[in-house]
Amino acid sequence: MDLFSYSNQNNLNQTQPLAVRMRPRDFNEFIGHEDIVGKNKFLRKMIEADKIPSMILFGPPGTGKTTLAQMIAKTTNSHFEKINAVAAGISDIRKIVEAAKERLHLYTQRTIIFIDEIHRFNKGQQDVLLPYVEDGRLILIGATTENPYFEVNVALLSRVRVVKLSLLSRENIQNILKQALQDKERGLGNEKFICDEKALLLITEISSGDARVALNILEQATALLESGGVINIEVLQEVIGEKLHSYDKSGDKHYDTVSAFIKSMRGSDPDAALHYLARMLVAGENINFIARRIAICAAEDVGNADPQALVVAMATVQAVQFLGMPEARIPLAQAVTYIASAPKSNAAYLGIDAAIHDVKTKNCGVVPPHLRDAHYKGAANLGAGKDYVYPHDHVKHFFYQQYLPDELKNIFYYKPTEQGQEKEMKLRLQRFWGTKY
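Within each chain, residue numbers correspond to sequence positions counted from 1 in written order. Local features in this predicted model are restricted to residues of pLDDT 70 or higher, and side-chain atom pairs are both shown and tallied only at a pLDDT of 80 or more, whereas totals for entire chains, interfaces and linings draw on every residue. For side-chain calculations, the full set of non-hydrogen atoms in the structure is used, while hydrogens and water are omitted.

1. Notes on the overall build of the chain
At step 1: Counting its secondary structure elements, the chain contains 19 helices and 7 strands.
At step 2: C-alpha atoms define the radius of gyration, and 2.2 Å times the number of residues to the power 0.38 defines the globule rule. The C-alpha atoms of the chain give a radius of gyration of 31 Å, which is well past the 22 Å a tight globule of 437 residues would have.
At step 3: Overall, the C-alpha framework of the chain stretches about 95 × 60 × 40 Å when taken along its three principal axes.
At step 4: Partly exposed describes any residue whose relative accessible area lies between the buried limit of under 20% and the exposed limit of over 50%, with all areas from a 1.4 Å probe on protein chains only and scaled to the type maximum. Looking at the chain residue by residue over its 437 residues, the buried ones come to 44%.
At step 5: Across the chain, every contact between residues at least 6 apart in sequence was considered, and the portion connecting residues at least 24 apart equals 72%. Numbering goes from the N terminus for both helices and strands, where a helix is a DSSP run of H or I of at least four residues and a strand is a run of E of at least two. Note on definitions: a residue-residue contact is assigned when non-hydrogen atoms from the two residues lie within 4.5 Å.

2. Remarks on the pairing of strand E2 (residues 79–84)
At step 1: One bridge is not enough; two strands pair if DSSP finds at least two bridges between them. Examined bridge by bridge, E2 and strand E3 (residues 111–116) share 6 bridges and lie parallel to one another. When the sheet's bridge partners are listed, Glu81 is paired in E3 with Ile113.
At step 2: You can see the chain leave E2, run along helix H5 (residues 90–107) and come back into E3, and the turn it takes is right-handed. By convention, a crossover is right-handed whenever its connection, traced from the first strand over the helix to the second and viewed with the strands pointing away, goes clockwise.

3. Thoughts on the sheet that holds E2
At step 1: Read from one edge of the open sheet, 5 strands run E2-E3-E4-E1-E5, paired in parallel fashion. The open sheet has two edge strands, E2 and strand E5 (161–164), and neither has a second partner. Direction aside, the axes of adjacent strands within the sheet are offset by 15 degrees on average.
At step 2: By the bridge criterion, 4 bridges tie strand E1 (residues 55–58) to strand E4 (residues 139–144) in an arrangement that is parallel. Considered in E4, the bridge of Leu57 is made with Ala143.
At step 3: Every axis corresponds to a line fitted to the C-alpha atoms, with the helix fit spanning only the stretch in contact, and the corresponding angles, defined between N-to-C directions, vary from 0 to 180 degrees. Contacts from H5 reach E2 and E3, with the element oriented near 175 degrees to E2.

4. Section: a nonpolar patch on the surface
At step 1: Among the surface-exposed residues, Tyr388, Tyr390 and Tyr403 lie close enough to one another that they form a single nonpolar patch of about 310 Å² accessible area.
At step 2: The topology assignment puts Tyr390 in the loop between helix H18 (347–361) and helix H19 (420–433). Patch criteria: residues need more than 30% relative accessible area and no salt bridge. Like-charged residues are merged within 9 Å; nonpolar side chains of Val, Leu, Ile, Met, Phe, Trp and Tyr are merged within 5 Å. Only the protein chains shown count as cover for residues, and all accessible areas are computed by the Shrake-Rupley method using a 1.4 Å probe. One speaks of a salt bridge when a side-chain nitrogen belonging to Lys or Arg is within 4 Å of a carboxyl oxygen belonging to Asp or Glu.

5. Quick notes on the pattern of salt bridges
At step 1: Considering all chains together, one arrives at 16 salt bridges under this definition.
At step 2: The closest approach of N and O atoms between Arg137 and Asp135, which form a salt bridge, is 2.7 Å.
At step 3: Its salt-bridge partner being Arg266, residue Asp301 comes within 2.8 Å of it at the nearest N-O pair. Linking Asp301 in helix H15 (residues 287–302) with Arg266 in helix H13 (residues 252–266), this pair joins segments that are 35 residues apart in sequence.
At step 4: The exposure class of Arg266 is partly exposed, given its relative accessible area of 35%.

6. Regarding the UniProt feature "domain: AAA+ ATPase" (unreviewed entry) in the chain
At step 1: UniProt positions are given in the numbering used here, feature names are shortened, and annotations may be inferred rather than shown by experiment. The UniProt record marks residues 51–168 with the feature "domain: AAA+ ATPase" (unreviewed entry), using the residue numbering of this structure.
At step 2: Regarding residues 51–168, the helix share stands at 42% and the strand share at 22%, and the terminal C-alpha atoms are separated by 26 Å.

7. Topic: the packing of aromatic side chains
At step 1: To pair, rings of Phe, Tyr and Trp, with the six-membered ring standing in for Trp, must have centres within 6.5 Å; the planes then decide the type, stacked if under 30 degrees apart, edge-to-face if over 60, and tilted in the middle. One pass over the structure, following the stated rule, counts 4 aromatic pairs.
At step 2: The interplanar angle of 10 degrees and the centroid separation of 4.2 Å between the aromatic rings of Phe398 and Phe432 together place this pair among those described as stacked. Of this pair, Phe398 sits in the loop between H18 and H19 while Phe432 is found in helix H19, placing the two residues 34 residues apart along the sequence.
At step 3: Ring centres of Phe398 and Trp433 lie 5.3 Å apart, and the angle between their planes is 80 degrees; this geometry places the pair in the edge-to-face category. Here Phe398, found in the loop between H18 and H19, pairs with Trp433, found in helix H19; they are 35 residues apart in sequence, far enough to count as distant.
At step 4: Trp433 sits in the partly exposed class, given a relative accessible area of 23%.
At step 5: Aromatic rings pair up to connect Phe398, Tyr400, Tyr403, Phe432 and Trp433 into one cluster.
At step 6: When the ring centre of Phe412 is taken as origin, the NZ or CZ atom of Lys415, which lies over that ring, is 5.7 Å away. Should the NZ of a Lys or the CZ of an Arg lie within 6 Å of a ring centre and within 35 degrees of the ring normal, that charge is described as sitting over the ring.

8. A word on the pairing of E4
At step 1: For E4, the tally of buried residues reaches 6 of 6 residues, placing the bulk of the element in the interior.
At step 2: In E4, alternate side chains face the same way, and those of Ile139, Ile141 and Ala143 on one face and Leu140, Gly142 and Thr144 on the other are all buried.
At step 3: Note that E3 and E4 share 5 bridges and pair parallel. Counted as the bridge partner of Ile113 is Leu140 from E4.

Here it is in structure tokens:
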């Protein structure tokens, strides 16, 4: 029996979990991911033509990575091997490679190696795969819940196609649940359970796009009932207890949540910012990490439109270290709502990046002589500091003189906006420098 044949047997083992029994056996039963495996889509055509490229299937749990691998194993004429990165080592890979080499030489049969949780392989283990994937001895199919651009070697990534599987839609999950309730061969069709609309919606919401979670909840609910019973909210409350949290502080959802958190503050939506802050706190995210993100956002996105934002943010950095949880949630919430509600300007952030770019890529010239250090003996003989005018000796503490090198004298990096206090800064600079600002 091959590695996936247990789920393709004609006589299914009814003691297996519902989620295993209901795995699609072909594309006709596959629900979701129409953009990837829909009719006439690239990956589906490659699978059906048995011209499978090396690939990494990347997506959250329950989105169909193992199912796709199972369907490939069933349809391909290639030899199919499966290993789990948690249990396998370099010696296991070398054995598969040697067998693949012999198989290709004697029978011209290709070998597909499916590595589940490929992100668990360290750099050395991933490097072992490189030459064999490159010369065609192995066709690699990796599956991972972690972003491969963070977890997989760049060299290996350049030799594979990354296929991103998104969370299943609400409609997809509902169709999977209905399919399981109606299927008499593999599902619950013979039991004639009824799932009311509210319960169906609740399972869909709680599963957060994970088909395995949805089917597990459904199966647990039916275990509380007699055949023909009704699955309702009361039954689900016994099964679920409280809403499951989908945030994973060490996985790809971590990056998605942090991204949404920062973008909500930048987008001036304090309610959304508090929501994503709550997700991180409930998941046990490091409060110092959160405080650092807030401080960066204060400088990058609020900037001089409200300089007080950075003061609040840095006070929060100190406060969370002093207080710890659960009290730290209060200054964090104060800083988040302040920054989200503040006027926004990224002019300082854009200015420094533009200046750094010029320093790295242009001939920026030398420091003008009148600005050079004139405190050492002999500086005057070199012209250092000559003709420099001390601004504080003049009205409004300003004197018009050139500060940039000649090569950059007509360039300005800081472009103040009309936002908040930055508008006043802009007016002041215009009074000093004229239309430059």
